[in-house]
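A structural walkthrough
Here is what each chain is made of, one letter per residue.
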Amino acid sequence: ILNVEQSPQSLHVQEGDSTNFTCSFPSSNFYALHWYRWETAKSPEALFVMTLNGDEKKKGRISATLNTKEGYSYLYIKGSQPEDSATYLCAFGGTSYDKVIFGPGTSLSVIP
Amino acid sequence: EPEVTQTPSHQVTQMGQEVILRCVPISNHLYFYWYRQILGQKVEFLVSFYNNEISEKSEIFDDQFSVERPDGSNFTLKIRSTKLEDSAMYFCASSGGQSLFILHFGNGTRLTVT
(Lines give C-alpha, C1' and ligand atoms only; values in the text may rest on other atoms or scores of the structure.)
Protein backbone atom coordinates (compact mmCIF):
# COMPACT_ATOMS: atom_id res chain seq x y z
CA ILE A 1 0.00 0.00 0.00
CA LEU A 2 1.49 3.34 -1.03
CA ASN A 3 1.80 5.68 1.93
CA VAL A 4 2.30 9.40 1.59
CA GLU A 5 2.82 11.21 4.87
CA GLN A 6 2.88 14.87 5.74
CA SER A 7 4.01 16.70 8.83
CA PRO A 8 3.01 18.55 10.80
CA GLN A 9 -0.71 17.87 10.66
CA SER A 10 -1.44 21.52 11.46
CA LEU A 11 0.50 24.69 11.98
CA HIS A 12 -0.33 28.13 13.37
CA VAL A 13 2.09 30.93 12.59
CA GLN A 14 2.13 34.70 12.97
CA GLU A 15 1.89 36.91 9.91
CA GLY A 16 5.39 37.51 8.59
CA ASP A 17 6.86 34.25 9.91
CA SER A 18 8.46 31.84 7.49
CA THR A 19 7.42 28.23 7.72
CA ASN A 20 8.03 24.86 6.14
CA PHE A 21 6.46 21.45 6.09
CA THR A 22 7.39 17.99 4.92
CA CYS A 23 6.03 15.34 2.62
CA SER A 24 7.50 11.84 2.66
CA PHE A 25 6.78 9.22 0.05
CA PRO A 26 8.07 5.87 -1.25
CA SER A 27 11.50 6.28 -2.83
CA SER A 28 10.96 3.47 -5.35
CA ASN A 29 9.04 3.76 -8.63
CA PHE A 30 9.00 7.53 -8.42
CA TYR A 31 7.40 9.48 -11.23
CA ALA A 32 6.28 12.87 -9.93
CA LEU A 33 5.60 14.73 -6.69
CA HIS A 34 2.82 17.29 -6.63
CA TRP A 35 1.98 20.07 -4.17
CA TYR A 36 -1.56 21.45 -4.04
CA ARG A 37 -3.11 24.24 -2.03
CA TRP A 38 -6.66 23.69 -0.83
CA GLU A 39 -8.69 26.55 0.55
CA THR A 40 -11.92 25.91 2.38
CA ALA A 41 -14.94 25.62 0.06
CA LYS A 42 -12.73 25.52 -3.03
CA SER A 43 -11.08 22.73 -5.01
CA PRO A 44 -7.38 21.82 -4.69
CA GLU A 45 -5.18 24.01 -6.85
CA ALA A 46 -1.80 22.89 -8.17
CA LEU A 47 1.29 24.71 -6.87
CA PHE A 48 4.13 22.58 -8.20
CA VAL A 49 4.84 19.31 -9.92
CA MET A 50 8.39 18.05 -9.62
CA THR A 51 9.90 15.08 -11.40
CA LEU A 52 13.69 15.23 -10.97
CA ASN A 53 15.77 14.56 -7.88
CA GLY A 54 17.11 17.87 -6.62
CA ASP A 55 14.35 19.88 -8.32
CA GLU A 56 13.57 23.22 -6.72
CA LYS A 57 10.52 25.20 -7.73
CA LYS A 58 9.43 28.68 -6.71
CA LYS A 59 6.20 30.62 -7.04
CA GLY A 60 6.28 34.01 -5.35
CA ARG A 61 6.90 33.43 -1.64
CA ILE A 62 6.38 29.67 -1.89
CA SER A 63 9.09 27.22 -2.87
CA ALA A 64 9.56 23.47 -2.82
CA THR A 65 12.45 21.02 -2.96
CA LEU A 66 12.56 17.38 -3.88
CA ASN A 67 14.75 14.46 -2.79
CA THR A 68 13.63 11.31 -4.58
CA LYS A 69 16.48 9.13 -3.25
CA GLU A 70 15.37 9.53 0.35
CA GLY A 71 11.71 10.13 -0.44
CA TYR A 72 10.91 13.60 0.85
CA SER A 73 9.89 17.04 -0.31
CA TYR A 74 9.80 20.32 1.62
CA LEU A 75 7.43 23.20 1.01
CA TYR A 76 8.58 26.62 2.26
CA ILE A 77 6.53 29.76 2.70
CA LYS A 78 8.49 32.94 3.27
CA GLY A 79 6.81 35.80 5.15
CA SER A 80 3.45 34.08 5.67
CA GLN A 81 0.33 36.14 5.01
CA PRO A 82 -3.26 35.47 6.20
CA GLU A 83 -4.22 34.57 2.63
CA ASP A 84 -1.75 31.67 2.79
CA SER A 85 -4.07 29.96 5.28
CA ALA A 86 -5.11 26.71 3.60
CA THR A 87 -4.46 22.99 3.62
CA TYR A 88 -1.34 22.03 1.66
CA LEU A 89 -1.51 18.62 0.07
CA CYS A 90 1.33 16.68 -1.42
CA ALA A 91 0.65 13.87 -3.86
CA PHE A 92 2.88 11.11 -5.14
CA GLY A 93 2.74 9.73 -8.65
CA GLY A 94 4.57 6.43 -8.93
CA THR A 95 5.45 4.66 -12.18
CA SER A 96 3.11 6.79 -14.28
CA TYR A 97 0.60 9.55 -13.94
CA ASP A 98 -2.28 7.10 -13.83
CA LYS A 99 -2.50 7.02 -10.05
CA VAL A 100 -1.69 10.01 -7.91
CA ILE A 101 -1.90 9.35 -4.17
CA PHE A 102 -2.45 12.23 -1.77
CA GLY A 103 -1.02 12.73 1.69
CA PRO A 104 -3.28 13.80 4.57
CA GLY A 105 -2.33 17.45 4.26
CA THR A 106 -0.87 20.14 6.50
CA SER A 107 -3.38 22.73 7.65
CA LEU A 108 -1.77 26.17 7.90
CA SER A 109 -3.34 29.08 9.78
CA VAL A 110 -1.64 32.45 9.56
CA ILE A 111 -2.65 34.76 12.39
CA PRO A 112 -2.71 38.48 11.50
CA GLU B 1 -9.22 29.65 -18.32
CA PRO B 2 -10.81 26.22 -18.96
CA GLU B 3 -12.02 24.44 -15.87
CA VAL B 4 -13.44 21.14 -14.69
CA THR B 5 -17.12 21.36 -13.83
CA GLN B 6 -19.08 19.00 -11.62
CA THR B 7 -22.80 18.59 -11.12
CA PRO B 8 -24.69 18.56 -8.89
CA SER B 9 -22.89 20.47 -6.17
CA HIS B 10 -24.87 18.61 -3.51
CA GLN B 11 -26.74 15.33 -3.80
CA VAL B 12 -28.85 13.79 -1.07
CA THR B 13 -29.93 10.20 -1.53
CA GLN B 14 -31.36 7.35 0.48
CA MET B 15 -29.31 4.29 1.34
CA GLY B 16 -29.58 1.67 -1.40
CA GLN B 17 -30.33 4.14 -4.16
CA GLU B 18 -28.16 4.60 -7.23
CA VAL B 19 -26.45 7.94 -7.81
CA ILE B 20 -24.60 9.34 -10.79
CA LEU B 21 -22.11 12.13 -10.28
CA ARG B 22 -21.23 14.09 -13.39
CA CYS B 23 -18.07 15.82 -14.47
CA VAL B 24 -17.03 17.71 -17.58
CA PRO B 25 -13.22 17.61 -17.76
CA ILE B 26 -11.10 20.14 -19.61
CA SER B 27 -11.61 19.46 -23.30
CA ASN B 28 -8.07 18.59 -24.44
CA HIS B 29 -7.24 16.48 -21.39
CA LEU B 30 -6.74 12.75 -21.72
CA TYR B 31 -6.58 11.49 -18.12
CA PHE B 32 -9.56 11.58 -15.80
CA TYR B 33 -9.81 10.84 -12.11
CA TRP B 34 -12.25 10.54 -9.26
CA TYR B 35 -11.21 11.24 -5.69
CA ARG B 36 -13.25 11.49 -2.54
CA GLN B 37 -12.85 13.06 0.86
CA ILE B 38 -14.84 11.79 3.81
CA LEU B 39 -15.36 14.61 6.30
CA GLY B 40 -12.26 15.10 8.41
CA GLN B 41 -10.20 12.55 6.50
CA LYS B 42 -7.68 12.77 3.70
CA VAL B 43 -8.35 12.91 -0.02
CA GLU B 44 -8.56 9.32 -1.32
CA PHE B 45 -7.90 8.09 -4.84
CA LEU B 46 -10.77 6.12 -6.37
CA VAL B 47 -10.04 5.60 -10.06
CA SER B 48 -8.22 6.89 -13.11
CA PHE B 49 -9.46 6.60 -16.69
CA TYR B 50 -7.56 6.84 -19.95
CA ASN B 51 -8.33 5.86 -23.52
CA ASN B 52 -11.89 4.87 -22.61
CA GLU B 53 -10.93 2.42 -19.94
CA ILE B 54 -9.99 2.28 -16.28
CA SER B 55 -6.21 2.47 -15.91
CA GLU B 56 -5.96 2.30 -12.12
CA LYS B 57 -8.40 1.83 -9.26
CA SER B 58 -8.15 1.62 -5.50
CA GLU B 59 -9.56 -0.93 -3.05
CA ILE B 60 -12.39 1.52 -2.36
CA PHE B 61 -13.54 1.26 -5.99
CA ASP B 62 -15.42 -2.02 -5.67
CA ASP B 63 -18.24 -3.52 -7.76
CA GLN B 64 -20.65 -0.85 -6.52
CA PHE B 65 -18.71 1.82 -8.40
CA SER B 66 -18.40 2.35 -12.12
CA VAL B 67 -17.17 5.11 -14.41
CA GLU B 68 -18.10 6.00 -17.91
CA ARG B 69 -17.35 8.56 -20.57
CA PRO B 70 -20.55 8.18 -22.55
CA ASP B 71 -20.28 11.00 -25.08
CA GLY B 72 -16.66 12.17 -25.21
CA SER B 73 -17.24 15.13 -22.91
CA ASN B 74 -18.93 13.93 -19.72
CA PHE B 75 -17.15 11.66 -17.24
CA THR B 76 -19.49 10.03 -14.74
CA LEU B 77 -19.16 8.13 -11.50
CA LYS B 78 -22.01 5.79 -10.66
CA ILE B 79 -22.59 4.26 -7.27
CA ARG B 80 -25.05 1.42 -7.71
CA SER B 81 -26.42 0.96 -4.20
CA THR B 82 -25.28 3.71 -1.88
CA LYS B 83 -24.25 3.06 1.72
CA LEU B 84 -24.07 5.51 4.59
CA GLU B 85 -20.28 5.38 4.44
CA ASP B 86 -20.34 6.63 0.84
CA SER B 87 -21.20 10.09 2.20
CA ALA B 88 -18.28 12.27 1.18
CA MET B 89 -17.11 15.05 -1.09
CA TYR B 90 -16.37 13.59 -4.53
CA PHE B 91 -13.86 15.40 -6.71
CA CYS B 92 -13.32 14.89 -10.38
CA ALA B 93 -9.97 15.86 -11.90
CA SER B 94 -8.39 15.79 -15.32
CA SER B 95 -4.86 16.15 -16.65
CA GLY B 96 -3.19 16.42 -20.02
CA GLY B 97 -2.46 19.06 -22.60
CA GLN B 98 0.61 21.18 -22.00
CA SER B 99 0.60 20.68 -18.24
CA LEU B 100 0.56 16.90 -18.46
CA PHE B 101 1.12 16.04 -14.81
CA ILE B 102 -0.99 18.68 -13.10
CA LEU B 103 -4.41 17.61 -11.85
CA HIS B 104 -7.15 20.16 -12.43
CA PHE B 105 -9.97 19.63 -9.97
CA GLY B 106 -13.65 20.43 -10.12
CA ASN B 107 -15.40 22.03 -7.16
CA GLY B 108 -16.72 18.70 -5.97
CA THR B 109 -20.09 17.08 -5.34
CA ARG B 110 -21.11 16.64 -1.73
CA LEU B 111 -22.92 13.31 -1.49
CA THR B 112 -25.08 12.74 1.58
CA VAL B 113 -26.53 9.27 2.05
CA THR B 114 -29.34 9.07 4.61
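These numbers were taken from a predicted model, which means no experiment stands behind them.

**Overview of the side chain of B:T109**
Note that B:T109 resides in strand β11 (residues 109–113). When its relative accessible area of 0% is taken as the criterion, B:T109 is described as buried.

**Quick word on the sheet that holds strand β3 (residues 19–24) of chain B**
All names here are of chain B. Reading across the sheet, the four strands line up as β1-β3-β8-β7 and stay open at both edges, with antiparallel pairing between neighbours. Two strands bound the open sheet, and with one partner strand each, they are β1 (5–7) and β7 (65–68). With direction set aside, neighbouring strand axes in the sheet form an average angle of 20°. Pairing of β7 with strand β8 (residues 75–79), which is carried by four bridges, proceeds in the antiparallel orientation. Following the sheet pairing, F65 is matched in β8 by I79.

**Comments concerning the packing of aromatic side chains**
All names here are of chain A. One pass over the structure, following the stated rule, counts 21 aromatic pairs over all chains. Here the aromatic rings of F25 and F92 are separated by 5.7 Å at their centres, their planes lie at 20°, and the arrangement is stacked. Placement of F25 in the loop between β3 (19–24) and β4 (30–38) and of F92 in strand β9 (residues 86–94) is noted, with a sequence separation of 67 residues between them. Between Y72 and Y74, the aromatic rings sit 5.0 Å apart at their centres with planes inclined by 40°, giving tilted as the arrangement. Judged by its relative accessible area of 27%, Y74 is partly exposed.

**Some points on the environment of B:C92**
Residues and elements named next belong to chain B. Turning to its location among the elements, C92 is positioned in strand β9 (residues 88–96). Placed 56 residues apart in sequence, C92 and R36 show a C-alpha to C-alpha distance of 8.5 Å. Every residue in contact with C92, bar those within four places of it in the chain, is listed here: V4, Q6, C23, Y33, W34, F75, H104, F105 and G106.

**Observations regarding the interface of chain A and chain B**
Accessible area lost upon the coming together of the parts is a frequently used measure of interface size. The interface is formed by 20 residues belonging to chain A together with 19 residues belonging to chain B. At the boundary of chain A with chain B, the tally comes to zero salt bridges. Where chain A touches chain B, the interface holds four residue pairs in polar contact (both at pLDDT 80 or more). Looking at the side of chain A that touches chain B, the elements with two or more residues in it are β4, β5 (45–50) and β10 (100–102) of chain A. No other element matches the four residues that β4(A) contributes to the side of chain A that touches chain B.

**Quick notes on the pairing of β9(B)**
Walk down a regular strand and you will see the side chains alternate between the two sheet faces. Residue and element names in this part refer to chain B. Across the nine residues that make up β9, a large majority, nine, are buried. With burial as the criterion, each face of β9 is covered, one bearing A88, Y90, C92, S94 and G96 and the other bearing M89, F91, A93 and S95. In the sheet, strand β4 (residues 29–37) pairs with β9 via eight bridges, with the strands oriented antiparallel. From the neighbouring strand, Q37 faces β9, where its bridge partner is M89.

Basis of the calculations
- Residues numbered from 1 in each chain as written.
- Chains lettered and ligands numbered in written order.
- Predicted model: local features only at pLDDT ≥ 70, side-chain atom pairs only at ≥ 80, totals over all residues.
- Heavy atoms only, no water.
- Helix = DSSP H or I, 4+ residues; strand = E, 2+ residues; numbered from the N terminus.
- Buried < 20%, exposed > 50% of the residue type's maximum accessible area, 1.4 Å probe, protein only.
- Pairing = 2+ DSSP bridges.
- Axes fitted to C-alpha atoms, helices over the stretch in contact; angles between N-to-C directions.
- Phe/Tyr/Trp six-rings, centres within 6.5 Å; stacked < 30°, edge-to-face > 60°.
- Contact = heavy atoms within 4.5 Å.
- Salt bridge = Lys/Arg side-chain N within 4 Å of Asp/Glu carboxyl O.
- Polar contact = N/O pair within 3.5 Å; in protein donor to acceptor, adjacent residues only side chain to side chain.

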